[in-house]
Amino acid sequence: GSAVPITKDIEIISVTSGDGFRAILEQQGVTVHVIGGQGHNPSAGELATAINESDAEKVILLPNNANIMLAAEQSRALTNKETAVVPTTNLPQAVAATLQFDPELSFEDNITRMSDIIEEVRVGEVTTAARDANINGEKVAKDQLIALTKDGLVGNGRSVEEVLLAAIKALDPQEGELITLYWGEGIGETEARSHQEKVESMWPLCEVEVYRGGQPLYSYLVAVE
């Protein structure tokens, strides 16, 4: 069915890539998506257009990419609407942030809650190297699978599973924490389930959830919180 807007006072606009992420975010109240993803970083003008077209009086913007942060900040100057940027640098943080949104609370309280939670979500990425590179002193060949966190390269290898486990290990899940795997284009559900079982066997004291993100270029995005 069509998504019911949670409130017309505040609207959440997200820069999204991957139809799985889009569906997850819509369930959590995101009503406007601007297409992002590799090779397409929306401009301040595109973001401002989305803000201006919103029916809401106030807008919360989720950039979901460090490269879009500046454009997101600049877009606020191009609109008369009260707009706040919650500084998400990836889609798993956007999922965590939108879960914190409560239409009963004030704009300011929502921004605080959403911004606080993203500090607590540690995110890893499994992707392929776009070119031969030297990352943190490690030689990486083009098309090799690599694991990245905000600290940089934390693993590389030939199999998705091996590199996924390296990414999670670097995020250092503790007892009782939640590990969420979002699988991307090129990964099938059967493969994702087998990866889930492997993660559960290695981190038996954590809860493990798996969702289809559908994101291009990243086999997995992983969140630990």
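Each value, and the rule that gives it
- Residues numbered from 1 in each chain as written.
- Predicted model: local features only at pLDDT ≥ 70, side-chain atom pairs only at ≥ 80, totals over all residues.
- Heavy atoms only, no water.
- Pairing = 2+ DSSP bridges.
- Helix = DSSP H or I, 4+ residues; strand = E, 2+ residues; numbered from the N terminus.
- Axes fitted to C-alpha atoms, helices over the stretch in contact; angles between N-to-C directions.
- Patch = residues over 30% accessible without salt bridge, like charges linked within 9 Å, V, L, I, M, F, W, Y side chains within 5 Å.
- Areas by Shrake-Rupley, 256 points an atom, 1.4 Å probe, with all protein chains shown as cover.
- Salt bridge = Lys/Arg side-chain N within 4 Å of Asp/Glu carboxyl O.
- Lys, Arg positive; Asp, Glu negative; His and termini not counted.
- Charge placed at Lys NZ, Arg CZ, Asp CG, Glu CD.
- Core = buried A, V, L, I, M, F, W, Y, C linked by side-chain atoms within 4.5 Å.
- Buried < 20%, exposed > 50% of the residue type's maximum accessible area, 1.4 Å probe, protein only.
- Contact = heavy atoms within 4.5 Å.
- Phe/Tyr/Trp six-rings, centres within 6.5 Å; stacked < 30°, edge-to-face > 60°.
- 1 Å grid on protein atoms, 1.4 Å probe; cavity = no way out; pocket = protein on both sides within 12 Å on 5 of 7 lines; lining within 4 Å.
- Points joined across faces, edges and corners; volume = space filled by probe spheres on them.
- Nonpolar A, V, L, I, M, F, W, Y, C, P; charged D, E, K, R; others polar.
- Parallel < 35°, antiparallel > 145°, perpendicular 65-115°, else oblique.
- Left-handed = near helix turned anticlockwise from the far one by under 90°.

### Here's the deal with the sheet that holds strand β1 (residues 10–16)
At step 1: Strand order in the open sheet formed by 4 strands is β2-β1-β3-β4, with parallel pairing between adjacent strands. Two strands close off the open sheet at either side, each with one partner strand: β2 (30–35) and β4 (82–85). Pairs of neighbouring strands in the sheet enclose a mean axial angle of 25 degrees, with direction left out of account.
At step 2: Examined bridge by bridge, β1 and β2 share 5 bridges and lie parallel to one another. Paired with I12 across the two strands is V30, which belongs to β2.

### Looking at unusual backbone geometry
At step 1: Residue D172 is not a glycine yet carries a positive backbone phi of 55 degrees.
At step 2: With respect to the helices and strands, D172 occurs in the loop between α6 (160–171) and β10 (178–183).
At step 3: Within the chain, L217 stands out as a residue other than glycine whose phi angle is a positive 70 degrees.
At step 4: Along the chain, L217 turns up in the loop between β11 (207–212) and β12 (218–224).

### A short note on a negative patch on the surface
At step 1: A surface patch of like charges, here negative, comprises D116, E119, E120 and E225.
At step 2: Turning to its location among the elements, E120 is positioned in helix α5 (residues 107–120).

### Comments concerning the nonpolar core
At step 1: With 26 residues, the main nonpolar core has I12, I60, L62, V86 and M114 as its most contacted residues.
At step 2: Residue assignment for this core shows that the elements contributing at least two residues are β1, α1 (19–27), β3 (58–62), α4 (91–99), α5 and β12.
At step 3: Ignoring anything within four residues of it in the chain, the contact list for I60 reads I10, E11, I12, I13, A84, V86, F101, F107, N110, I111 and M114.
At step 4: The next biggest cluster of nonpolar side chains, apart from the first, holds 23 residues, and it includes L145, V163, A167 and V208.

### As for the packing of aromatic side chains
At step 1: In total, this model carries 2 aromatic pairs according to the counting rule given.
At step 2: Between the aromatic rings of Y182 and Y211, the centroid separation amounts to 5.9 Å while the plane-to-plane angle is 25 degrees, which identifies the pairing as stacked. With a gap of 29 residues between them, Y182 in strand β10 and Y211 in strand β11 connect regions that are remote in the sequence.
At step 3: Judged by relative accessible area, which is 35%, Y211 ranks as partly exposed.
At step 4: Put simply, the rings of F21, Y182 and Y211 pair up and form one aromatic cluster.

### Looking at the layout of surface pockets
Empty space left among the atoms is revealed by rolling a probe the size of a water molecule over them.
At step 1: One number sums up the size of the largest pocket: a volume of about 1200 Å³.
At step 2: In terms of lining, the largest pocket is formed by 44 residues, of which the most central are T89, N90, E125, L148 and Y218.
At step 3: Listed by contribution, the elements that provide at least two residues to the lining of the largest pocket are β1, α4, α5, β5 (122–128), β6 (133–135), β8 (145–149), α6 and β12.
At step 4: Top element by residues in the lining of the largest pocket is β5. It accounts for 5 residues.
At step 5: The residue makeup of the lining of the largest pocket, split by class, is 21 nonpolar, 17 polar and 6 charged.

### Focus on the packing of α6 against helix α7 (residues 189–202)
At step 1: Contact geometry for α6 and α7: axes closest at 11 Å, N-to-C directions at 45 degrees. As summarised for this structure, α6 and α7 are arranged oblique, according to the angle between their axes. For α6 against α7, the interelement crossing comes out right-handed. Note on element contacts: α7 touches α6 through E191, H195, K198, V199 and M202, opposite V160, E161, L164, L165 and I168.
At step 2: Class assignment for the residues of the contact of α6 with α7 results in 6 nonpolar, 1 polar and 3 charged.

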